[in-house]
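Below are the chains, spelled out letter by letter.
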Amino acid sequence: MSKYKIEIDRNLCIGDGACVGEAPNTFEMDADNIAIVKDVGGHTDEEILQAAQVCPVDAIILTDANSGEKVWPKS
Ligand code: SF4
């Protein structure tokens, strides 16, 4: 189980699949070619953060599930 709450902004996602390439056990593409979370426990927190960081449009939003603090994107 990840310490992150993982959200994907479907309006921002451009469907390039970079997150799936980085963390294929956590993310997958849906029928509309938009990324979705398939398993929050699919990768380590570090790997999930890396997957969020490779997203070219910052569509993956990570929040610390305990503190509620936004972890990514930074701004
Ligand atoms: S890396 Fe970002 S833009 Fe690419 S599929 Fe994943 S969420 Fe969508």
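Located above this text is the structure these notes cover.
The shown structure was predicted, so the numbers you read here are calculated from the model rather than taken from an experiment. (Residues numbered from 1 in each chain as written. Predicted model: local features only at pLDDT ≥ 70, side-chain atom pairs only at ≥ 80, totals over all residues. Heavy atoms only, no water.)

1. What about the pattern of salt bridges?
Okay, so step 1: Applying the stated criterion across every chain yields a total of three salt bridges.
Okay, so step 2: In this structure, glutamate 7 and lysine 5 form a salt bridge, with 3.9 Å as the shortest nitrogen-oxygen distance.
Okay, so step 3: Between aspartate 30 and arginine 10 there is a salt bridge, and its shortest N-O distance comes to 2.9 Å. Of this pair, aspartate 30 sits in the loop between β2 (27-29) and β3 (35-37) while arginine 10 sits in the loop between β1 (4-8) and α1 (18-22), placing them 20 residues apart in sequence.
Okay, so step 4: Because the salt bridges share partners, they merge into one network encompassing Arg10, Asp30 and Asp32. (Salt bridge = Lys/Arg side-chain N within 4 Å of Asp/Glu carboxyl O. Helix = DSSP H or I, 4+ residues; strand = E, 2+ residues; numbered from the N terminus.)

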